[in-house]
Amino acid sequence: MRNVTYSMSMSLDGYVTGPDGGLDWGAPSEEVFRFSIDEIRGVGVHLMGRRLYETMLYWETAAQDPGLGAAEREWTTLWNPLPKVVFSHTLTAVEGSARLASGGLAEEIGRLREEPGEGDIAIGGATLAAEAAALGLIDEYRIRVCPVLLGGGLPFFDRQERRVDLELVETRTFDSGVVFLRHRVLR
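Bear in mind the structure is a predicted one, so any value in this text is a computation, not a measurement.

### Some details on the sheet that holds strand S7 (residues 166-173)
Then, in step 1: Spatially, the eight strands line up as an open sheet ordered S4-S3-S2-S5-S1-S6-S8-S7, and their pairing is mixed. Both edges of this open sheet fall to strand S4 (98-100) and S7, since each of them pairs with a single strand only. Taking each pair of neighbouring strands and ignoring which way they run, the sheet shows an average axis angle of 25 degrees.
Then, in step 2: By the bridge criterion, four bridges tie strand S2 (residues 43-49) to strand S3 (residues 84-87) in an arrangement that is parallel. Bridge pairing in S3 places Met48 opposite Val86.
Then, in step 3: Lying over the sheet, helix H1 (residues 30-40) contacts strand S1 (4-11), S2, strand S6 (140-146), S7 and strand S8 (179-185), oriented at roughly 170 degrees with respect to S6.

### As for the environment of Ala98
Then, in step 1: Among the secondary structure elements, Ala98 is positioned in strand S4.
Then, in step 2: For the pair Ala98 and Pro81, spaced 17 residues apart in the sequence, the C-alpha separation amounts to 8.9 Å.
Then, in step 3: Setting aside chain neighbours within four positions, we find Ala98 in contact with Tyr53, Lys84 and Val86.

### Thoughts on empty space enclosed by the protein
Then, in step 1: On inspection of all chains with the given rule, the structure shows one cavity of 30 Å³ or more.
Then, in step 2: Each pocket or cavity is described by its volume, and for the largest cavity that value is around 30 Å³.
Then, in step 3: Residue lining of the largest cavity: Met48, Tyr53, Met56, Leu57, Glu60, Trp79 and Lys84, and that is the complete set.
Then, in step 4: A breakdown of the residues in the lining of the largest cavity according to their chemical character gives five nonpolar, no polar and two charged.

### Overview of the nonpolar core
Then, in step 1: Core analysis: the largest hydrophobic core is formed by 26 residues, its most contacted members being Tyr6, Leu47, Ile123, Ile138 and Phe156.
Then, in step 2: Elements with a contribution of two residues or more to this core: S1, S2, S3, helix H5 (105-114), strand S5 (120-124), helix H6 (126-134) and S6.
Then, in step 3: Take this core: its biggest share by element is five residues, from H6.
Then, in step 4: Excluding its chain neighbours within four sequence positions, the residues that come into contact with Leu47 are Val85, Phe87, Leu105, Ile109, Leu112, Ile121, Ala122, Ile123, Gly124 and Leu128.
Then, in step 5: Core analysis: the next-biggest nonpolar cluster, separate from the first, contains 17 residues, Tyr53, Ala62, Val86 and Ala98 among them.

Rules used throughout
Residues numbered from 1 in each chain as written. Predicted model: local features only at pLDDT ≥ 70, side-chain atom pairs only at ≥ 80, totals over all residues. Heavy atoms only, no water. Pairing = 2+ DSSP bridges. Helix = DSSP H or I, 4+ residues; strand = E, 2+ residues; numbered from the N terminus. Axes fitted to C-alpha atoms, helices over the stretch in contact; angles between N-to-C directions. Contact = heavy atoms within 4.5 Å. 1 Å grid on protein atoms, 1.4 Å probe; cavity = no way out; pocket = protein on both sides within 12 Å on 5 of 7 lines; lining within 4 Å. Points joined across faces, edges and corners; volume = space filled by probe spheres on them. Nonpolar A, V, L, I, M, F, W, Y, C, P; charged D, E, K, R; others polar. Core = buried A, V, L, I, M, F, W, Y, C linked by side-chain atoms within 4.5 Å. Buried < 20%, exposed > 50% of the residue type's maximum accessible area, 1.4 Å probe, protein only.

Encoded structure:
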């Protein structure tokens with residue numbers, strides 16, 4: 001059965017966006033970007049909400065930019081054909097290899113877990129991940145902790161009171177000061 005993973009960058013104080021919704025604090029170094037490329041190789045389908053989908057639309061046409069570096073070109077080669085499921089109440093159409101979710105999050109994940117295929121079911125976006133966590137659907141948390149304090153914004157973890165026991169399975173420190181933490185949910 002395929003694992004459901006939640007992987008994003010967060011500030012040291014636990015936010016995925018700043019108080020103004022900005023992401024400028026989390027631009028990855030070349031080493032961290034290369035790590036993200038390696039991580040996406042293990043993904044079979046990516047689930048996301050509307051805001052992340054709209055942010056990632058940049059990559060649909062990024063390969064046309066003559067100034068794009070080799071790592072960014074490699075990312076587009078992996079990201080663009082990757083199947084994506086977008087959860088939105090406002091979008092009526094999506095582009096590229098994305099499709100709109102046809103059911104609720106638990107239903108979609110259940111269907112994807114049962115389908116034959118390789119790679120993880122990745123969740124991007126704190127709001128969608130909070131819903132998956134509340135339903136007990138996340139198997140692994142993969143966090144890139146950035147050396148910055150934002151003081152507010154959208155939290156990586158939903159602030160509901162519930163306990164989830166975790167097992168640390170991997171750590172890595174990057175030259176930029178980013179620390180990667182990978183935890184498996186204990187069931």
